[in-house]
Number of protein chains: 2
Amino acid sequence: MSEAFKASTRLSLLGGHVGDKVAPDTLRRPNVQASRSAGDPLILPPGINSQSFKDFIGKAIDIVGEDNVTVINDAQQLGKQSYLDPSKVHDMFYIADEDYFVSSAVVCPRNVQDVQTILRLSNEFEVPLWPFSVGRNVGYGGAAPRVPGSVGLDMGKNMNKILEVNVDGAYALVEPGVTFAGLHDYLVQNNLRDKLWVDVPDLGGGSVLGNTIERGVGYTPYGDHWMMHCGLEVVLPDGTLLRTGMGALPDPSADPSLPADQQPANKCWQHFNYGFGPYNDGIFTQSSLGIVVKMGIWLMPNPGGYQSYLITIPRDEDLHQAVEIIRPLRAAMVLQNVPTIRHILLDAAVVGDKKAYSNSDKPLTDVELDAIAKKLNLGRWNFYGALYGPPPVRDALWQVVKASFSAIPGAKFYFPEDIPESKVLQIRHDTMQGIPSMDELKWVDWLPNGAHLFFSPIAKVTGDDAMAQYKVTRQRCEEYGFDFIGDFVVGMREIHHIVCIVFDRKDPKQRRNAHEMIRTLIDDAAKRGWGEYRTHLALMDQIADTYNFNNNAQMKLNETIKNALDPKGVLAPGKNGIWPKTYDGKAWKVPL
Amino acid sequence: MSEAFKASTRLSLLGGHVGDKVAPDTLRRPNVQASRSAGDPLILPPGINSQSFKDFIGKAIDIVGEDNVTVINDAQQLGKQSYLDPSKVHDMFYIADEDYFVSSAVVCPRNVQDVQTILRLSNEFEVPLWPFSVGRNVGYGGAAPRVPGSVGLDMGKNMNKILEVNVDGAYALVEPGVTFAGLHDYLVQNNLRDKLWVDVPDLGGGSVLGNTIERGVGYTPYGDHWMMHCGLEVVLPDGTLLRTGMGALPDPSADPSLPADQQPANKCWQHFNYGFGPYNDGIFTQSSLGIVVKMGIWLMPNPGGYQSYLITIPRDEDLHQAVEIIRPLRAAMVLQNVPTIRHILLDAAVVGDKKAYSNSDKPLTDVELDAIAKKLNLGRWNFYGALYGPPPVRDALWQVVKASFSAIPGAKFYFPEDIPESKVLQIRHDTMQGIPSMDELKWVDWLPNGAHLFFSPIAKVTGDDAMAQYKVTRQRCEEYGFDFIGDFVVGMREIHHIVCIVFDRKDPKQRRNAHEMIRTLIDDAAKRGWGEYRTHLALMDQIADTYNFNNNAQMKLNETIKNALDPKGVLAPGKNGIWPKTYDGKAWKVPL
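The name that an unreviewed UniProt entry assigns to chain A is Vanillyl-alcohol oxidase, with the source organism given as Capronia coronata CBS 617.96. Quoted verbatim from the Cofactor (unreviewed entry) heading of the UniProt record, the comment on chain A is "FAD".

Draft legend 1. Representation of the overall build of chain A within the structure. Across its full length, chain A carries 15 helices and 19 strands. Against the 2.2 N^0.38 benchmark of 25 Å for 592 residues, chain A shows a C-alpha radius of gyration of 24 Å, consistent with a compact globule. Each principal axis of the C-alpha atoms in chain A carries an extent, and together these give about 70 × 60 × 45 Å. Counting every position in chain A, which comprises 592 residues, the buried fraction comes to 67%.

Draft legend 2. Quick peek at the confidence of the model for chain A. Residue and element names in this part refer to chain A. In the predicted model, chain A carries a mean pLDDT of 93, and 93% of its residues have values of at least 70. In the predicted structure, residues 1-19 sits below a pLDDT of 50 and forms 23 contacts with residues beyond four places in sequence or in another chain. Predicted confidence is poor over residues 79-84, with pLDDT under 50, and the contacts of this stretch with residues over four places away or in other chains come to 14 contacts. Here the predicted complex carries an ipTM of 0.95, next to a pTM of 0.95.

Draft legend 3. The nonpolar core, seen in detail. Membership of the largest hydrophobic core comes to 331 residues, with the highest contact counts inside it found for A:F284, A:F405, A:W443, B:F284, B:F405 and B:W443. When sequence neighbours within four positions are dropped, the list of residues in contact with B:F284 reads A:L557, B:I213, B:L232, B:V234, B:L236, B:L242, B:L289, B:G290 and B:V292.

Draft legend 4. Structural view of the UniProt feature "domain: FAD-binding PCMH-type" (unreviewed entry) in chain A. The residues that UniProt annotates with the feature "domain: FAD-binding PCMH-type" (unreviewed entry) are residues 99-302 of chain A. Secondary structure content for residues 99-302 of chain A is 15% helix and 21% strand, while the C-alpha to C-alpha distance between its ends is 46 Å.

Draft legend 5. Structural context of the packing of aromatic side chains. In this structure the tally under the stated criterion is 44 aromatic pairs over all chains. Here B:Y357 and B:W446 contribute two aromatic rings whose centre-to-centre distance is 5.8 Å and whose plane-to-plane angle is 35°, an arrangement assigned as tilted. Within this pair, whereas B:Y357 is found in helix 8 (residues 354-357), its partner B:W446 is found in the loop between helix 11 (423-431) and strand 16 (450-455), the two being separated by 89 residues in sequence. By relative accessible area, which is 2% here, B:W446 ends up buried. Judged by centre distance (5.9 Å) and plane angle (45°), the rings of B:Y583 and B:W588 are tilted. A relative accessible area of 6% means that B:Y583 is categorised as buried. One aromatic cluster in this structure is built from A:Y309, A:F383, A:W398, A:F405, A:F413 and A:F415. A cation sits over an aromatic face here: A:R243 above A:W269, 5.1 Å from the ring centre.

Draft legend 6. Just helix 2 (residues 50-64) of chain A, in detail. All names here are of chain A. Look at helix 2: 21 Å from first C-alpha to last across 15 residues, which is about the 21 Å you get at 1.5 Å a residue. Residues of helix 2 that are buried: S50, S52, F53, F56, I57, A60, I63 and V64. Down the axis of helix 2, the sector holding all buried residues measures 160°, keeping them to one side. Within two residues after helix 2, G65 carries a phi angle of roughly 90°, on the positive side.

Draft legend 7. Seen up close, the relation of the copies chain A and chain B. Superposition record for chain A on chain B: RMSD 0.0 Å, screw rotation 180°, translation along axis 0.0 Å. Interpreted geometrically, this transformation is the action of a two-fold axis. Ranked by how close their C-alpha atoms come to the rotation axis, the residues of chain A are headed by A:V393, at 2.5 Å. Mapped onto chain B, 100% of the interface residues of chain A are again interface residues, and the two copies thus contact each other with one and the same surface.

Draft legend 8. Spotlight on helix 9 (residues 366-376) of chain B. Residues and elements named next belong to chain B. Restricting attention to buried positions, one finds in helix 9 the residues L369, I372 and A373. Angular distribution of buried residues about the axis of helix 9 spans 100°; they occupy a single face of the element. In helix 9, the exposed positions angled more than 90 degrees off the buried face are occupied by V367, K374 and K375. Looking at the packing, one finds that the buried side of helix 9 touches strand 13 (340-343), helix 7 (344-351), helix 8 and helix 12 (463-479). Where helix 9 ends, the next residue or the one after it, N377, has phi of about 60°, a positive value.

The rules behind each value
- Residues numbered from 1 in each chain as written.
- Chains lettered and ligands numbered in written order.
- Predicted model: local features only at pLDDT ≥ 70, side-chain atom pairs only at ≥ 80, totals over all residues.
- Heavy atoms only, no water.
- UniProt positions renumbered as here; feature names shortened; annotations may be inferred.
- Helix = DSSP H or I, 4+ residues; strand = E, 2+ residues; numbered from the N terminus.
- Rg over C-alpha atoms; globule rule 2.2 N^0.38 Å.
- Buried < 20%, exposed > 50% of the residue type's maximum accessible area, 1.4 Å probe, protein only.
- pLDDT = per-residue confidence, 0-100.
- Contact = heavy atoms within 4.5 Å.
- Core = buried A, V, L, I, M, F, W, Y, C linked by side-chain atoms within 4.5 Å.
- Phe/Tyr/Trp six-rings, centres within 6.5 Å; stacked < 30°, edge-to-face > 60°.
- Lys NZ or Arg CZ within 6 Å of the ring centre and 35° of its normal.
- Expected span 1.5 Å × (residues − 1).
- Arc of directions from axis to C-beta.
- Least-squares fit on C-alpha atoms with pLDDT ≥ 70 in both.

As structure tokens, this is what we get:
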């Protein structure tokens, strides 16, 4: 037993902490294992020895049953079909070593009470937990934990029910394992799709709840998922169950004999977000302050008509004018949904790999990009939008949209029926009306063994900002040997600029380049006042450090709340740069 | 010096608290003053003696200057023109005794650094502060503090600048003292009103920032003010300055020689709300966790056309059908804004007092209400809505709206030009396009010395819920001798049902009846699963107690965060039922 481990055990006996500080020598650092004992996982949780780990696993099995606990003790399990799905053991698109961001075990609670019990167990053993919903947080780390050796909490395997779809209220109440595709299918199978749409992100396989609390976006008018959520049920780090908003007010039919999570919920829970007093929901997003076990999400009533379209924008430099055209239209909701401006290579990569276009192993040149655009009958930039409503409304909006974009010389306008051969427009036609797709991610095959990493800075909706971000990111991509592949996702008053860094994950040099490049880009961006909205595990500390206004006042607030709610730091330590006081955050630097 | 005071001083020397508990005998309770010394305020802050109060005031004067400190030491000051405005000393619509919810002093910071310094001073002296913006929180307590004797912090007197109106970004950045009317005037004076609208609540005199962080609503498509805010600057209870969202990322032009609040802000601060990591903004709403000193608010781009309308709904029981018609139209945004269904008496009271309609001193009967409706050419319920956009869009929407409401026998449809004599439609015509009004509150003069108290339960948008809330509240009103005056304010998937309890504040019996009735109504509502979204000082504890799911899990979370951020409990103790650990919450019951 290491000294650090003994000390941390002693600390635990004292009640976890004394005052606000933890003695420096007891802070959690990466485990250094002299040798693996039989039954040890690949990586033990920090500060936990073999015996303690075995005891924890034994108790976890007592809680959820043997079928719902897997120890990751075999390198063979990585990237293979060991545990359900490779993405659930680690990050399928790993940028550190394949065996770096790896859980020691995965536990699958069967229900909310299991989640509560497992959290109490984690506090008892001081074992870090890393909850994930479905594990498809692709480009941002998948199901992998920030702290190697954490116990993954697979919230989606068993807790995957659509608890309610309310047609009159136009909402759903879902568990963590419900996917966008699953929710859409439910609507179709119950003949509700003509009444209600679900907003979907690019891929339909992810968790509705997980995507929403990570503040992911979709492409209908309900694209800001967090804005459209309503009501959470959350397990706090100490195991306490909470319902937010109107859910905090008990339903009159409450039954004292039932456990809290089984209590009938307030009838307004999914109708009104804010409830009474401080509105706490936001602190459970991109957060380690609680595990969201139920979430209400508003569904979009059928708008009474729909028309998707593509506007091709011929020249690279037209991006500037296009964004200037988009800004006022989007703010005024003439552009009703979250449209995208896609770089030619994002479209090209959906229909073919790099070899299909070029024998070059260098970043493609402007001449080559022009040739691809010509071949595909697309622009250097391509704008995918949609109109919602009955014909007179759509016609009025389309007139404005078309007239506005016509200011770009050579811009062309297409409806899907005009160009059935356009694969991407067919996909976007579905996506922008909430029909999930699994085809979009084809672009990841641009390179062999294609993996990707998202660099996602926020931009103002101005031509200058979009061009500046495009130039800086494209230049870095080329410097590191990558093609620029990306798009601009247009919110109400900002753009999520998504740079898709595609690399060959079997090529250590490319992987390292991708990793090094994104670190450089984060600094490039911060120097210009740009910040990212979400990131991969490996970059969380760096990005959190850029949000450092007034001596990291925001981080100090986050840490204060974290330490108050999770004094032992068991829940998702290190997530988005927030290290509990029981951890030595600096010791957890991710190796390049 | 009382024992309790000595104990609390000793406690303070020990650093405010030991562990998580405060010794019971040192908890703050209402001050019992044997006699007032010269210079004492009407009510000393709890646990503070005359000398300590004088010292505090002396230091406050050193910070903000003599002109910005007023001690409330004269009963004459109450309800008179003592300090700027009666509403700033106490609650102009008091329901407890006139001298109950009263500050000991009012301090007006001149700038953000003053706010920080005053907070540090409050921590030093353990004097509770009660911040208010403009003090026009009418119907909910005005500028008065929850804890009598708190020092009012008048954020609006000096900090009243519109810091930016950004036309391209369609937003404003405001200080606490900026009123809706002020922001609207700014747009008009700068010829921006044809580009941007500000959403306004019923009255234009309130603070944009204050209303928004109390989660007030307006009536354009931007009616959910909190949804439309973007970026906060907050002073935490310990005096730390924080910028939320993208504001946490410094602007490249940051100047180390400037204090934090003077630093140039990130250019995306008012463009993107969420930033990176936990989204904390919500915890600063209806809250005692920080003082919001700057706030971004999105302005609505001119929609390119506007048409307000009134639909009169003849019979009392038609409310059911009307709400059923409204629900799908609102969720689908055919009703684009926040419309209202107003009870006949709310409209009647705007144009005349009770005596103008009846000699009765009893609640008016259905027969009398029908007569008033007939006299005013209105329905028993009256629906005020608006259409936004160019003519083809408005026409398409109006067709649907008109056809839908035509299902109500006898419903009539009016544009303002059809009935220029309708005072209320003229007011709503302005309000629903963001032109502030000061006329709406005329209904408070329904009775002599009219004052009002809002009872504001949330309802689902169903005929059953609206009728049930109407019946329960009207019956209680009649039981306590009041006319039912109220309206239904229709959000996306819920109704803010606002019951305006109008009483004669000079009549102790009416005042007591109003107070007793709202206590009864809160219980009536909770028994049916209805909860209020906001309330008067006197009812905060009671309502907070109704949001008690799972052993008050939400309140425990609120308290944990409160105690972590404000260990001495100096900021707005008791606000919305949240008592810091330094207070004996039960000792602060409000007398009937």
